[in-house]
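# What the coordinates show
Chain residues, written in single-letter form:
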Amino acid sequence: MTASPDVGTPRTASPELLRSVFRQHAAGVAVITAAGSGPVGFTATSLTSVAAEPPLLSFGIGTGASSWPTVSEAEHIGVHILGEHQQELAATFARSGADRFGPATSWRTGPEGVPLLDGVLAWLVCRVVARIPAGDHRIVLAQPVVGGPAGPGRPLLYHQGRFNALRD
């Protein structure tokens, strides 16, 4: 039997353990938007491609998030893949109480009335097909209906509690 790699002292599962483990996981950064009485949006690092046929994606959202009431009823949502040049935009949509659709944010109303952000690497408008309870969050499953790779550039990443860029 060979020696196992040093994995450190095991800790009992807890919210802090999960957060500390996932700080080691680099994730792409997206902004999810929806239309209600006004536009809403939030920064998400939980965006995942689920299936190719039919095309499906998922993301998580906390039920205490200011965007949740609108997302909980939205028939369509916008998904925006951010570029490394959009750290400030990601921070704005992640900050509680920020004026996310204020003068500093360039956006327009897109298909199905979904707010679309300008200057992103890629975007999708998706039809929500399910909202699945998962602790204090909901996992939203959505099917893309229209979109496109909007611009050139490299993706924005989130790692160790900070926004980062890819390195060569």
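Before reading on, note that the structure itself is shown above.
Residues numbered from 1 in each chain as written. Predicted model: local features only at pLDDT ≥ 70, side-chain atom pairs only at ≥ 80, totals over all residues. Heavy atoms only, no water.

## Some remarks on the sheet that holds strand β1 (residues 27-28)
Definition in use: Should DSSP find at least two bridges between two strands, the strands are regarded as paired. Numbering of helices and strands runs from the N terminus, with a helix taken as a DSSP run of H or I at least four residues long and a strand as a DSSP run of E at least two residues long.
In space, the three strands of this open sheet follow the order β1-β11-β12, with antiparallel pairing throughout. Each having just a single partner strand, β1 and β12 (162-165) make up the two edges of the open sheet. Where β1 meets strand β11 (residues 156-159), two bridges bridge the pair, whose relative direction is antiparallel. Counterpart to Gly-28 in the pairing with β11 is Leu-157.

## Some thoughts on the pattern of salt bridges
To be explicit about the condition: Each salt bridge in this description consists of a side-chain nitrogen of Lys or Arg and a carboxyl oxygen of Asp or Glu lying within 4 Å of one another. Think of it in three bands: with a 1.4 Å probe and only protein chains considered, a residue is buried below 20% of the maximum accessible area for its type, exposed above 50%, and partly exposed in between.
The final tally for this structure, using the stated rule, is three salt bridges. Residue Glu-16 pairs with Arg-19 through a salt bridge whose shortest N-O separation is 3.7 Å. With Glu-16 and Arg-19 both in helix α1 (residues 15-22) and three residues apart, the pair spans about one turn of that helix. You can call Glu-16 partly exposed: its relative accessible area is 36%.

## Here we look at the packing of aromatic side chains
The test is simple: Only rings of Phe, Tyr and Trp enter the pairing, Trp through its six-membered ring, and a pair is recorded when the two centres are within 6.5 Å. The plane angle decides the type: under 30 degrees is stacked, over 60 is edge-to-face, the rest tilted.
In the structure shown here, the tally under the stated rule is four aromatic pairs. Relative to Trp-107, the ring of Phe-101 has its centre 5.1 Å away and its plane inclined at 75 degrees; by these criteria the two rings are edge-to-face.

## Structural notes on the nonpolar core
Applied cut-off: Buried Ala, Val, Leu, Ile, Met, Phe, Trp, Tyr and Cys residues form a nonpolar core when they are joined through side-chain atoms within 4.5 Å. Between two residues, a contact is recorded if the distance between any of their heavy atoms is within 4.5 Å.
Residues Ile-32, Phe-42, Phe-59, Ile-61, Val-71 and Ile-77 are the most contacted members of the largest nonpolar core, which totals 17 residues. Non-local contacts of Ile-61, meaning those with residues more than four positions away in its chain, are made with Phe-42, Ser-67, Trp-68, Val-71, His-137, Arg-138 and Val-140. Formed by 14 residues, the second largest nonpolar core is a distinct cluster that contains Val-29, Leu-89, Leu-116 and Trp-123.

## Quick notes on the pairing of strand β4 (residues 48-52)
Two elements, β4 and strand β5 (residues 55-62), share four bridges in a ladder whose sense is antiparallel. Bridge assignment links Ala-52 to a residue of β5, and that residue is Pro-55. Hairpin remark: β4 followed by β5, antiparallel, with two residues in the connecting loop.

## Examining the environment of Ala-52
Of note, Ala-52 is situated in strand β4. We classify Ala-52 as exposed; its relative accessible area is 68%. Along the backbone, Ala-52 and His-76 are 24 residues apart, and their C-alpha atoms lie at a distance of 19 Å.

## Focus: the pairing of strand β10 (residues 137-148)
Of the strand pairs in this sheet, β5 and β10 are connected by six bridges, and their pairing is antiparallel. Its bridge partner being in β10, Gly-60 is matched across the sheet by Ile-139. Pairing between strand β9 (residues 122-134) and β10: 11 bridges, direction antiparallel. In the sheet register, Trp-123 faces β10, and the bridge partner there is Gly-148. In this structure, the hairpin formed by β9 and β10 is closed by a connection of two residues, where Gly-135 is found at a positive phi of approximately 60 degrees.

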